[in-house]
Amino acid sequence: MNWNRGQWRMIPIRVTCKESGGGCRAPSHAGGSIRVQHATRQRPSSECQENREGGEDVIVNHKAVTRPQYFVKRGDSVRFASRQGGASLLALKALDWGARVLHEDASMVVVDKPAGLASAPAPGEKGAHVVALLESFLSARDGKVVTLANVHRLDKETSGVLVLSKNSAAARVLGKEFKGRRVDKTYWAALYGNMDDSPIRWEDMLLSRHGRSRVVAEDGNAPASGPAPRKAVLHGKVTEHIGKKISIMEIDLRTGRLHQIRVQAASRGHFVLGDTLYGKPSLSGIPRLCLHCSYLSVADPSRTGERLFFEAPLPADMQDMLAHQRQFAKGHNVGDSSN
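All values reported here derive from a predicted model rather than from experimental measurement.

> What am I meant to see in the overall build of the protein chain here?
Helix and strand counts for the protein chain stand at six helices and 21 strands. Each of the 339 residues in the protein chain was classed as buried or not, and the buried ones make up 46%. Long-range pairs, those at least 24 residues apart, make up 61% of the contacts in the protein chain between residues at least 6 apart in sequence.

Next comes the structure, spelled out in structure tokens:
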């Protein structure tokens, strides 16, 4: 079965296991990639070499693979990218300002936004932002003016998947998807404290004023008087404890309020590490806000009913932070490297 979308094409690949004992399954197909879920050691078949010779690159975890005998591991993401036109070249390379384009077609661009860069211009805030930088790059590449629009935002210090529309029709479709809560968003967060391992469901009423938010009710019910707050809902689970003062959490964000994860976590005493607005200095070795949008799924604005899936790996600075904190916890039997 062939699967086509713009410059990207999904094809079936045969995989073989080197180890004996079975347990090898064909990878599942999801949006723009093939996710290897079960096999402990697999490799794409000779079709990979055939596709390279036919004008396609084999991409494993966002890197081009040139060796036909390259083995993929459980959890690897495998996809094929056409070399025709400029879109695939853009998708394979990190831009000069630190972002990586995960997907581009006639309707939208999806990037892995670095921390420290604003998604779009904000009132009273100067400096570079994703919209302007990407518009400049695409306009120079295509030889015509390209105008982009944000259909959602990430905080300046948050990294991860960010979606931008390339025309008004796509903006309307994507806007309805986000407003209708039909977009799946998963975040990675490092929170302060030793959290409980039970599944998490936080429902609060948030009131946002002057660039900040606060919880006005934790039961999801609006107060009887005062300005109208908005419901904020997230589900999550703790995936790792590092010592006694760091909990790694995977968050399914059901709504998209201003600073939602940061405010809801801080109101429960488990602020996001590195949060200078809602948290407090706690541990050393924290380079910035430890919040990353790792996964997003949305309907394709140009094809009704088809869903697109995007993933952004944990950035190197967060991986280094985790390694540092794990090593410290191992040596001191606590997760505290306080000043």
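> How should a positive patch on the surface be read in this particular structure?
Together, K179, R181, R230 and K231 make up a positively charged patch on the protein surface. Examined against the element boundaries, K231 turns out to sit in strand β18 (residues 230–242). By relative accessible area, which is 33% here, K231 ends up partly exposed.

> What's the story with the pattern of salt bridges in this structure? I'm lost.
Side chains that differ in sign of charge can pair as their charged atoms come close. Following the criterion strictly, the structure yields 12 salt bridges and no others. The closest approach of N and O atoms between R141 and D142, which form a salt bridge, is 2.7 Å. Residues E177 and R307 are paired through a salt bridge, measuring 3.9 Å at the closest nitrogen-oxygen approach. Pair noted here: E177 is in helix α4 (residues 168–179) and R307 is in strand β21 (residues 307–311), with a separation of 130 residues, a long-range link. Its relative accessible area of 10% is what places E177 among the buried residues. Note on R307: relative accessible area 28%, which makes it partly exposed.

> So what exactly am I meant to see when it comes to the packing of aromatic side chains here?
In this description, an aromatic ring pair is defined by two values, namely the gap between the centres and the angle between the planes. Tallied over the full model, the rule gives two aromatic pairs. Between Y192 and F271 the ring centres are 5.0 Å apart and the planes differ by 5 degrees, which places this aromatic pair in the stacked class. Of this pair, Y192 sits in strand β15 (residues 184–192) while F271 sits in the loop between α5 (260–267) and β20 (291–299); the two residues are 79 residues apart in sequence, bridging distant segments of the chain. An identical accessibility class is assigned to Y192 and F271; each is buried. Aromatic pair Y295 and F309: ring centres 6.5 Å apart, planes at 40 degrees, arrangement tilted. Here Y295 is found in strand β20, whereas its partner F309 is found in strand β21, with 14 residues between them in sequence. Residue classification places Y295 among the partly exposed positions, given a relative accessible area of 23%. The exposure class of F309 is partly exposed, given its relative accessible area of 30%.

> Can you walk me through unusual backbone geometry in this structure?
Trans peptide bonds make up most of the peptide bonds, and negative phi angles are found at most residues other than glycine. Located in the positive-phi region is R181, a residue other than glycine, with phi close to 60 degrees. Mapped onto the elements, R181 comes out in the loop between α4 and β15. Classification of R181 as partly exposed rests on a relative accessible area of 48%.

> Could you clarify how one ought to interpret the environment of R230 in this entry?
One can find R230 in strand β18. Every residue in contact with R230, bar those within four places of it in the chain, is listed here: D204, M205, L206 and R257.

> Before we go on, may I ask you to explain the confidence of the model for the protein chain in this structure?
Averaged over every residue, the pLDDT of the protein chain is 76; the share at 70 or more is 67%. With pLDDT under 50 throughout, residues 82–92 is counted as low confidence; its partners more than four residues away or in other chains account for 28 contacts.

> Sorry, what's going on with the pairing of strand β19 (residues 246–253) here?
A regular strand places its side chains on the two faces of the sheet in alternate fashion. With six of eight residues buried, β19 lies mostly within the body of the structure. Where β15 lies against β19, seven bridges are found, and the strand directions are antiparallel. Each residue of the ladder has a partner; that of Y187, found in β19, is I251. Pairing analysis gives eight bridges linking β18 to β19, with the strands arranged antiparallel. Looking across to β19, one finds that K237 is bridged to E250.

> Any chance you could explain helix α3 (residues 130–142) here in plain terms?
Residues three or four positions apart in an α-helix share a direction because the helix packs 3.6 residues into each turn. Taking 1.5 Å per residue as the helical rise, α3 with its 13 residues ought to reach 18 Å, and the 18 Å between its terminal C-alpha atoms agrees with that figure. Taken together, the buried positions of α3 are occupied by V130, V131, L134, E135 and L138. With its buried residues spanning 115 degrees around the axis, α3 presents them on a single face. Positive backbone phi, approximately 70 degrees, marks G143, located one or two places after α3.

Here is what the cut-offs are and how they apply
Residues numbered from 1 in each chain as written. Predicted model: local features only at pLDDT ≥ 70, side-chain atom pairs only at ≥ 80, totals over all residues. Heavy atoms only, no water. Helix = DSSP H or I, 4+ residues; strand = E, 2+ residues; numbered from the N terminus. Buried < 20%, exposed > 50% of the residue type's maximum accessible area, 1.4 Å probe, protein only. Contact = heavy atoms within 4.5 Å. Patch = residues over 30% accessible without salt bridge, like charges linked within 9 Å, V, L, I, M, F, W, Y side chains within 5 Å. Areas by Shrake-Rupley, 256 points an atom, 1.4 Å probe, with all protein chains shown as cover. Salt bridge = Lys/Arg side-chain N within 4 Å of Asp/Glu carboxyl O. Lys, Arg positive; Asp, Glu negative; His and termini not counted. Charge placed at Lys NZ, Arg CZ, Asp CG, Glu CD. Phe/Tyr/Trp six-rings, centres within 6.5 Å; stacked < 30°, edge-to-face > 60°. pLDDT = per-residue confidence, 0-100. Pairing = 2+ DSSP bridges. Expected span 1.5 Å × (residues − 1). Arc of directions from axis to C-beta.

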